[in-house]
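# Coordinates in review
Listed below are the residues making up each chain.
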Amino acid sequence: MSNQQPAVTFEEIRALVRNLPGPDLEAGTAALQRERQLTKPAGSLGRLEEIAQWMATWQGQHPAEARRPRVAVFAGNHGVAARGVSAYPAEVTVQMVANFQNGGAAVNQLCEVADADLRVYELDLENPTADFTQGPAMGEEECCRTMAYGMMAVEMGVQLLSLGEMGIANSTSAAALCLALFGGEAADWTGRGTGIDDDGLARKIAAVEAGVAANPQAKDDPFEALRCLGGYEFAAIVGAILAARVARVPVLLDGFACTAAAAVLYKADRRALDHCMVAHRSVEPGHSRLMQLIGKEPLLDLGMRLGEGSGAALAINIVKSAVACHAGMATFADAGVSTQG
């Protein structure tokens, strides 16, 4: 991560959230009207119809296009990893980033199938965030600079953005973030992540509880929650979601950690994630609970819990299929097919 990002403050981020562009209702209405004329019974393509309208509404054009998707994977390390909350050591983050760059990870294969541009962003992997059980994970300037860096993932020409993350211990961070944002008990949000045993799960729950207790300000403001309990990859995801909204790029969110980062914006403004869909339901127990709270239904439910943007990459082909059916199917008039009546 470059240290040359412009200085940004939480107040500037809050102002941006207050002024996010809304839906393009004209494009959405055009999609709805065409959907009614296509050669199929009304509603017979199920959620593909919803996706086609959503894409048009948030791209601000009809018909929507999905020929140039991008998968952005943000990688960061967490100080809380030293507390034994993961089955893997923190150095695995660096090793997996190298695997992404060498084409050897699952997300590489899924991007190839989807004809998607994969970008991997390393976020100061040699310097993890502070251990949030002892105080804030990041300072405000550090958090804001990382959000600004995440915004750079949204470049001109990108038509669909799939977001993912890599970072040992980031499901611990996600659980703590959700506990601060939505309440409940630490155990409600905490799962086995990379496959920890019962002792590891107990350490993880204790770390989540301690993190929220050590950062009481996290309960009062979503951006403070991000700063105190999130990680670099969480902040970058928040920035990418904001930039995508401004640029009219629909977003696919990956699993628990990615959706937890997005939930920061939901708590700031319930409309801030309207241009986002959750790609898949993670096996992590907190993910289902979180999606219910933010009003999102996943596109896929395949028992996945890998992270690295894999679910969001996989869902690209669902979106492409929805857009292709909407734009390419004949209307009843075109095909000379009789309608009911």
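Structure: above.
Analysis parameters
- Residues numbered from 1 in each chain as written.
- Predicted model: local features only at pLDDT ≥ 70, side-chain atom pairs only at ≥ 80, totals over all residues.
- Heavy atoms only, no water.
- Salt bridge = Lys/Arg side-chain N within 4 Å of Asp/Glu carboxyl O.
- Helix = DSSP H or I, 4+ residues; strand = E, 2+ residues; numbered from the N terminus.
- Buried < 20%, exposed > 50% of the residue type's maximum accessible area, 1.4 Å probe, protein only.
- Pairing = 2+ DSSP bridges.
- Axes fitted to C-alpha atoms, helices over the stretch in contact; angles between N-to-C directions.
- Contact = heavy atoms within 4.5 Å.
- Expected span 1.5 Å × (residues − 1).
- Arc of directions from axis to C-beta.
- Phe/Tyr/Trp six-rings, centres within 6.5 Å; stacked < 30°, edge-to-face > 60°.
- Core = buried A, V, L, I, M, F, W, Y, C linked by side-chain atoms within 4.5 Å.
- Parallel < 35°, antiparallel > 145°, perpendicular 65-115°, else oblique.
- Left-handed = near helix turned anticlockwise from the far one by under 90°.
- Nonpolar A, V, L, I, M, F, W, Y, C, P; charged D, E, K, R; others polar.

## What about the pattern of salt bridges?
- The full count for this structure, using the stated rule, is 19 salt bridges.
- With a closest N to O distance of 2.6 Å, Arg 83 and Asp 131 form a salt bridge. Taken as a pair, Arg 83 in the loop between β1 (69-75) and α4 (91-101) and Asp 131 in the loop between β2 (117-122) and α6 (140-151) lie far apart in primary sequence, 48 residues in all.
- Accessibility expressed as a relative area gives 37% for Arg 83, which makes it partly exposed.
- Among the ionic pairs, Asp 117 bridges to Arg 119, the shortest N-O distance being 3.1 Å.
- On the basis of relative accessible area, Arg 119 is assigned to the partly exposed category, the value being 32%.
- Overlapping salt bridges, with partners in common, bring together Glu 11, Arg 14, Arg 18 and Asp 221 in one network.

## Some remarks on the sheet that holds strand β4 (residues 251-253)
- The sheet built from 5 strands is open, its strands ordered β2-β1-β3-β4-β5 with parallel pairing. The sheet is open, and its two borders are formed by β2 and β5 (276-278), each paired with just one other strand. Between one strand axis and the next, the sheet turns through 25° on average, direction left out of account.

## Digging into the environment of Ala 66
- By the element assignment, Ala 66 lies in the loop between α3 (47-59) and β1.
- Sequence separation between Ala 66 and Val 323 is 257 residues, and the spatial gap between their C-alpha atoms is 7.0 Å.
- Not counting the four nearest positions on each side in its chain, Ala 66 is found in contact with Met 55, Gln 159, Val 319, Lys 320 and Val 323.

## Section: α3
- The first and last C-alpha atoms of α3 sit 18 Å apart over 13 residues, in line with the 18 Å expected at 1.5 Å per residue.
- Buried residues along α3 sit against α2 (25-35), β3 (160-166), α11 (232-247), β4, β5 and α15 (316-328).
- Following α3 by one or two positions, Gly 60 has its phi on the positive side, about 75°.

## Side note on the environment of Pro 250
- The residue Pro 250 is located in the loop between α11 and β4 in this model.
- When its relative accessible area of 0% is taken as the criterion, Pro 250 is described as buried.
- In this structure, Pro 250 is in contact with Trp 54, Met 55, Trp 58, Gln 59, Gln 159, Leu 160, Leu 161 and His 275, ignoring residues within four places of it in sequence.

## Let's talk about α15
- End to end, α15 covers 18 Å across 13 residues, agreeing with the expected 18 Å (1.5 Å per residue, within 8%).
- Among the residues making up α15, those that are buried are Ile 316, Val 319, Ala 322, Val 323 and His 326. Buried residues of α15, seen end-on, are gathered within an arc of 130° and therefore sit on one face of the element.

## Brief notes about the pairing of β1
- Counted residue by residue, β1 has 7 buried out of 7 residues, so it is predominantly covered.
- Neither face of β1 is exposed, since Pro 69, Val 71, Val 73 and Ala 75 on one face and Arg 70, Ala 72 and Phe 74 on the opposite face are all buried.
- Looking at chain direction, β1 and β3 are connected through 7 bridges and run parallel. Opposite Phe 74, over in β3, you have Glu 165 as the bridge partner.
- Both β1 and β2 contribute to a ladder of 6 bridges, which runs parallel. Residue Ala 72 lies in a different strand from β2, and its bridge partner there is Arg 119.

## A short note on the packing of aromatic side chains
- Applying the stated criterion across every chain, the model contains 4 aromatic pairs.
- An angle of 25° between the planes, with centres 4.9 Å apart, marks the rings of Phe 74 and Tyr 121 as stacked. Of this pair, Phe 74 sits in strand β1 while Tyr 121 sits in strand β2, and the two are 47 residues apart along the sequence.
- Residue Phe 74 is classed as buried on the basis of its relative accessible area, which comes to 0%.
- Classification of Tyr 121 by relative accessible area gives buried; the value is 11%.
- Arranged with centres 6.0 Å apart and planes meeting at 90°, the rings of Tyr 121 and Tyr 149 form a pair that is edge-to-face.

## Quick notes on the nonpolar core
- Counting 112 residues, the largest nonpolar core has Phe 74, Leu 163 and Leu 252 as the members making the most contacts within it.
- Counting residues per element, this core draws most heavily on α11, which supplies 11 residues.
- With residues up to four places along the chain from it excluded, the contact list for Leu 163 reads Ala 72, Phe 74, Ile 237, Ala 240, Ile 241, Val 251, Leu 252, Leu 253, Asp 254, Cys 258, Gly 309 and Ala 312.

## Topic: the packing of helix α7 (residues 170-182) against helix α10 (residues 222-229)
- Close contact between α7 and α10 brings their axes to 10 Å; oriented N to C, the two are set at 150°. By the criterion of interaxial angle, the relationship of α7 to α10 is roughly antiparallel. Remark: the crossing between α7 and α10 carries right-handed chirality. Together, Ser 173, Ala 176, Leu 177, Ala 180 and Leu 181 of α7 and Pro 222, Ala 225, Leu 226 and Leu 229 of α10 make up the contact between the two elements.
- The residue makeup of the contact of α7 with α10, split by class, is 8 nonpolar, 1 polar and no charged.

So, to be careful, I would describe these as geometric facts and stop short of saying anything about function.
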